[in-house]
Every structure is written in structure tokens, then in C-alpha cells.
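Single-letter residue listing:
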Amino acid sequence: MPDPTSRAAELIAKIDERRAKVVVLGQGYVGLLVAMRAAEVGFPVVGYDVAPGRVEALLAGRSYVEDVPDARVAAALAAGYLPTQDAADLRDFDVALITVQTPLRENTPDLSFIEAAARDLAACLTPGALVVLESTTYPGTTDELLRPILEESGLRTADGDFFVGYSPERIDPGNTEWTFVNTAKVVSGLDADSLAVVEAFYGALVDKIVPVGSTGEAELVKLLENTFRHVNIALVNELAMFARDLGVDIWSAIDAAATKPYGFMRFAPGPGAGGHCLPVDPAYLAWRVERRIGQRFRFVELANEVNRGMPDYVVARVTALLNDERRAVNGARILLLGLAYKAGTSDWRVSPAMAIAERLAQLGADVRAHDPLVPDDAVLGPPIARVPCTVAELEAADLVVLCVDHAELPYDDIVDHARLVLDTRGRLRGLGFRGESL
Ligand SMILES: NC(=O)c1ccc[n+]([C@@H]2O[C@H](COP(=O)([O-])OP(=O)(O)OC[C@H]3O[C@@H](n4cnc5c(N)ncnc54)[C@H](O)[C@@H]3O)[C@@H](O)[C@H]2O)c1
């Protein structure tokens, strides 16, 4: 029977020669990008997803991820990339990446998608293969949840039968400067041989890898990064509310503080923290801390409280601005600019702008919205009329709320024609607009 080290050497040789069959479970934002990159560097790649619509789109060369153009999918298909919803196509894999979603259900981590993916892999696991989890999750998941399911195959990591790793994803949708390839990738393995094969694989995909000592450490890295952002956004949000009452311009103070070349990092206030990572990932960490050691993660609780309260604060500022004009929110025509959760993306789910729209509509406002990136046929929750951002719409609105500072918005027209603006992103500062920044 071959020893684990020679098995690892065999897999590394297959990786180096691009003979290793790579299967990616989950073809969402993360999985599709990784699959495209693996195909581009020459691996035979299977993209497995349980959502039929997604697989059909990919087979037809259509991408639903804005960072992946259709041409990239077409090129991957031509190179042999196989999108599929048939688990039989996973057979004989050498490297499997799990990139399925990890949502919260009633504030509790829902790892059922990882479990289902792991079961599919266990059914076709062969000696010498590597399985890497990429989904964001709490420390301990790879060793305590993924490994035991894979071992239902009868193979054992302790005997060196197969290799297991964890590598968090750092994809930032819409970011063209820091991409999958030039962003350093943290990698880990359950043991030395696992780490060696994980390093060989990701070394083939990205410019720089950062090996860490255990899968738990790598899992914590991702949650630390996102909790750090969540807490710092909450800090400037809370400060923005106090600074206004103190009569101090928070934006100028932040700009000046950001000139310090060490020990400070710039975070900007805004209408709340949205997207799939910031509101969710810190909760994974807080849940684990509470379950495992019985402690409350107070920083996360406080950051949640502050960031979740921001849409209400924006509505309070809208109310005050209209009040100064002797107007009520009820019956006011309010134009929201930007519905996505951040600039540069079309993703409007879990977006603070949606919460603002909902509250204003409940108060009786006539809410209209424009977003240059969110498709007009997106099924939005609150009753919002989608309109173009024309001079006529700007002039007809009692108040314009700039929720997201997409580069595509007509800022000159907003400054010249809006009667009153609440700028939640500080984008219009210094431009002489009528209204206020947050
Ligand atoms: N989107 C991001 O910017 C981002 C960045 C870093 C990390 N992450 C993390 O990466 C993970 C994936 O995120 P995403 O945004 O790509 O999610 P997503 O929802 O866009 O994609 C997940 C895909 O997995 C598929 N899927 C579910 N169960 C499956 C199974 N058993 N087998 C095969 N496919 C299955 C779903 O149909 C879906 O297409 C999450 O843990 C997320 O927190 C996301």
C-alpha cells in the first residue's frame, strides 16, 4: 500500500502536469470564478451545481456572475469545462472544491449545503484525492464536520488515504484592482501532506499563497477579516451620528485621520452593512464562541446593533430634512439612487437601500428608485417604482437619497437639478449640492 507521502507526491505531479481532474461544487459567485481560473490554467474542470437554471445558462455560455463575462465561460467550455447537475460527473476527481452557500437560519449557521456536497464527494472518494472547503464558516468545520462525512467512504485521513484542506475565499465582487489571481490566498491542510497538495494546487491558480498552521486558523482568518470590517464600519457609523450632534464634519475628520501613514485604516459611514458576508459572517463566529465557550461576542453584538440601525437613522434624517421644508414624509416624492448593497455591483439582496425603501413606503412616501446596475425586472420586496435618473425625475422629487455611489450615476445632474439631497456616502461633498451628507 503506498505511503501517504508518495500519494501526496503523485497528486502534486498530476497537478503540476495539469492532469488532475478538478471538480467545483457550487457554481455561484465564488465557485464559478474558481472554476474559470482552474480551466484557464489548464485543468480539466467539472462545475457541479444543484440549481438547474444555473447549469443550463453555463452550458449555453451565459454567465450570471457580473465579474465573469460570457466570453470567459465560452472559452472555458471550449477548453473542456463541464457544467453539470449530475453527481456522476464527480467520479474520479483528484481535487474537489466546495464553494456552496453558508447562510444563517434563525441566527444559527446552516451548514446543510456543505453536508450535502460532502456526501456527494464521499460517494466517489478515491485514495489520493484532495477535498478543499472554501465556503465561509466557523473554526472547526473542516475537521469536525467535513472530515467525518468524507470518512463515511471508509477511507481515513489519519491513514493518509486522502487529503483535506480549507482555503477561504477573498473575492470582492466588482473589484477590478484586486482579483482572484492577484489577491494572496490563505491555505491550510489537516496534516502536512494535505497542506503540501493544497499549496501545489492553489500555487497553480494565484500569484501568492499564504500557508497557515491549521484548518481552524484558516477558517478564523476569513471571519476575522469580515468581523474587522463589520466592527470598523459600525465604529464610523456611530461616530457619524455623534459628530453631527457635536457640530463636527465626520467626513473631513476621517479624511484627515487617513493621512496617518500607520495605525489607521479608512472606513466610511454609510446607510448600513449589506451583502452576504458582513451581516452573516460575524454571526458565525459569535455563534461558535457562545456554543463552545459560553461567552458572548460583545463586539459583534454591538456592531450588529449599530449597523442594523442605520436605515432607521437615514429615515430619521430624511424626515428632518423634509420637516425643515414644512413637508411630511407621508405623500413626499422620494427618489432613491442606488439599490445594490454597494457600489459597482448589481446585487441588491440584503441591501440597506431596500430597508430604507420599505420604511419610507410604510410612512406613506411615494418611493421611486434608480439603479444603473440592478436589472429593472429584479423582483424587489418593497413597492418601489423603477425610474430612469432623468433631470425631470430629479426636479420632481421632494428629496433624493443617494444610497449607493455607483460610478455610473449622473452626479452633475444630481447637483444641478435635485431640490434636496441626503448623501449617505459623502460622494457629493464639496460639490455645492442642496442638502446634507450623512
Ligand atoms: N460572494 C462573495 O463575494 C463571497 C466572498 C467570499 C466568500 N464567500 C463565501 O463563499 C461561499 C459561497 O458564496 P457564493 O456567493 O458563491 O454563494 P452562491 O449562493 O452564489 O453560490 C452557491 C452555489 O452553490 C450551489 N449549491 C448548493 N448546494 C449545492 C450542492 N450540494 N452541490 C452543488 N452545488 C450546490 C447553489 O445552487 C449555488 O449556485 C459562502 O460561504 C460565502 O459566504 C462569498
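Within every chain, residues take consecutive numbers counted from 1 along the sequence as written. In keeping with the model being predicted, local features are shown solely for residues with a pLDDT of at least 70 and side-chain atom pairs are shown and tallied solely at 80 or more, while totals for entire chains, interfaces and linings include all residues. Values reported for side chains reflect all heavy atoms of the structure, with hydrogen atoms and water molecules removed beforehand.

**Quick look at the overall build of the protein**
In step 1: Summing up its helical and strand segments, the protein has 14 helices and 16 strands in all.
In step 2: When we talk radius of gyration, it's over C-alpha atoms, and the globule rule is simply 2.2 Å times the number of residues to the 0.38. Rg of the C-alpha trace for the protein: 24 Å, near the compact-globule value of 22 Å for 438 residues, within the 12% margin.
In step 3: Here the term buried applies to any residue with accessible area under 20% of the maximum for its type, exposed to any over 50%, and partly exposed to those in between, with areas from a 1.4 Å probe on protein chains only. Counting every position in the protein, which comprises 438 residues, the buried fraction comes to 52%.
In step 4: Residue contacts are counted whenever heavy atoms from the two residues lie within 4.5 Å of one another. Long-range contacts, defined here as pairs at least 24 residues apart, represent 69% of the contacts in the protein between residues at least 6 apart.
In step 5: Carbon and sulfur atoms make up 53% of the accessible area of the protein, which totals about 19200 Å².
In step 6: One way to put it: in the protein the 42 positive side-chain charges average out to a point 3 Å from where the 62 negative ones average out. For the purposes of this entry, the term helix denotes a DSSP run of H or I that reaches at least four residues, the term strand denotes a run of E that reaches at least two, and both are numbered from the N terminus. All accessible-area figures derive from a Shrake-Rupley calculation using a 1.4 Å probe, and residue coverage is judged against the displayed protein chains alone. None of His or the chain ends enter the tally, which takes Lys and Arg as positive and Asp and Glu as negative. Lysine's charge is taken at NZ, arginine's at CZ, aspartate's at CG and glutamate's at CD.

**Considering the site of the ligand**
In step 1: In these notes, residues near a molecule or strand are those with any non-hydrogen atom within 4 Å of it. As a matter of local geometry, the ligand sits amid 23 residues, with V30, D49, R54, T102 and T136 nearest to it.
In step 2: Taking D49, its side chain carries an N or O atom lying 2.6 Å from an oxygen atom of the ligand.
In step 3: Pairs of N or O atoms within 3.5 Å make up the polar contacts considered here, provided that, within protein, one atom can donate a hydrogen while the other can accept it, and that residues adjacent in sequence are counted only when both atoms are side-chain atoms. For the ligand, an oxygen atom lies 2.9 Å from a polar atom in the backbone of T136.
In step 4: When contributions to the shell around the ligand are tallied by element, the ones reaching two or more residues are α2 (29-40) and α5 (112-122).
In step 5: Class assignment for the residues of the shell around the ligand results in twelve nonpolar, seven polar and four charged. When residue character is reported, Ala, Val, Leu, Ile, Met, Phe, Trp, Tyr, Cys and Pro are called nonpolar, Asp, Glu, Lys and Arg charged, and the others, Gly included, polar.

**Some remarks on the side chain of T137**
In step 1: Checked against the element boundaries, T137 lands in the loop between β7 (130-133) and α6 (141-151).
In step 2: For T137, the side chain forms a polar contact with the side chain of T141, separated by 2.7 Å.
In step 3: Beyond its immediate sequence surroundings of up to four residues, T137 is in contact with L111, Y166, E219, L223 and Y284.

**Regarding the sheet that holds strand β10 (residues 209-211)**
In step 1: Strands sit in the order β3-β2-β1-β4-β7-β8-β9-β10 across an open sheet of eight strands; the sheet is mixed. Strands at the two margins of the open sheet, each flanked by one partner only, are β3 (82-84) and β10. Each adjacent strand pair in this sheet contributes to an overall mean axis angle of 25°, direction not counted.
In step 2: By this definition, two strands are paired if DSSP reports at least two bridges between them. Relative to strand β4 (residues 95-98), strand β1 (residues 22-25) is paired through four bridges, and the arrangement is parallel. Bridging across to β4, V22 finds its partner in V95.
In step 3: Contacts from α2 reach β1, β2 (45-48) and β4 within the one sheet, and its direction differs from that of β2 by about 170°.
In step 4: The sheet contacts of helix α7 (residues 192-203) involve β1, β4, β7, β8 (163-166), β9 (185-189) and β10, and relative to β9 the element is tilted by about 150°. Fitting a line to C-alpha atoms yields each axis, with helices limited to the stretch in contact; the angle taken between N-to-C directions then spans 0 to 180 degrees.

**Focus: a nonpolar patch on the surface**
In step 1: Residues enter patches when they are more than 30% accessible in relative terms and free of salt bridges; like-charged ones are connected within 9 Å and nonpolar ones (Val, Leu, Ile, Met, Phe, Trp, Tyr) within 5 Å. The working definition used for a salt bridge is a side-chain nitrogen of Lys or Arg within 4 Å of a carboxyl oxygen of Asp or Glu. Taken together, the side chains of L239, F242, L246 and V248 present a nonpolar region at the surface, about 410 Å² in accessible area.
In step 2: Take L246: it is sitting in helix α8 (residues 215-246).
In step 3: Given the relative accessible area of 67%, L246 is considered exposed.

**Brief notes about the packing of α8 against helix α10 (residues 281-293)**
In step 1: Running from N to C, α8 and α10 point in directions that differ by 115°, and their axes come no closer than 8 Å. Crossing angle aside, the handedness with which α8 passes α10 is left-handed. Contacts between α8 and α10 pair L220, K222, L223, N226, T227 and H230 from the former with D281, P282, Y284 and L285 from the latter.
In step 2: The residue inventory of the contact of α8 with α10, partitioned by class, reads five nonpolar, three polar and two charged. A clockwise turn of the near helix away from the far one marks a right-handed crossing, whereas an anticlockwise turn of less than a right angle marks a left-handed crossing.

**Some details on the pattern of salt bridges**
In step 1: Taken as a whole, this structure holds 28 salt bridges when the rule is applied.
In step 2: Put simply, K185 and E134 hold a salt bridge, and the shortest N to O gap is 3.6 Å. Residue K185 is located in strand β9, and its partner E134 is located in the loop between β7 and α6; the two are separated by 51 residues in the primary sequence. The same class applies to K185 and to E134, which are both buried.
In step 3: Through salt bridges that share partners, D143, R147, E151 and R156 make up one connected network.

**A closer look at the packing of helix α11 (residues 298-324) against helix α12 (residues 352-362)**
What describes two packed helices is the angle between their axes and the distance between those same axes.
In step 1: Relative to each other, α11 and α12 sit at 50°, their axes nearing to 9 Å. In this view, α11 runs oblique relative to α12, as classed from their interaxial angle. Considering only the axes of α11 and α12, their crossing is right-handed. Of the residues in α12, those in contact with P311, D312, V314, V315 and V318 of α11 are P352, A355, I356, R359 and L360.
In step 2: Residues of the contact of α11 with α12, tallied by class, amount to eight nonpolar, no polar and two charged. When describing relative orientation, an angle under 35 degrees is termed roughly parallel and one over 145 degrees roughly antiparallel, while 65 to 115 degrees is termed roughly perpendicular and anything else oblique.

**A look at the environment of I171**
In step 1: Within the secondary structure, I171 sits in the loop between β8 and β9.
In step 2: Considered as a pair, I171 and F113 are 58 residues apart in the sequence and their alpha carbons are 20 Å apart.
In step 3: With sequence-adjacent residues up to four places away left out, I171 is seen in contact with Y29, V30, L33 and F180.

**Remarks on the pairing of β2**
In step 1: What you see with β2 is no split at all: V45 and G47 on one side and V46 and Y48 on the other are buried throughout.
In step 2: A crossover gets the label right-handed when its path from the first strand over the helix to the second runs clockwise, viewed with the strands pointing away from the viewer. Read from β1 through α2 to β2, the crossover connection turns out right-handed.
In step 3: Pairing analysis gives three bridges linking β2 to β3, with the strands arranged parallel. Bridge pairing in β3 links G47 to P83.

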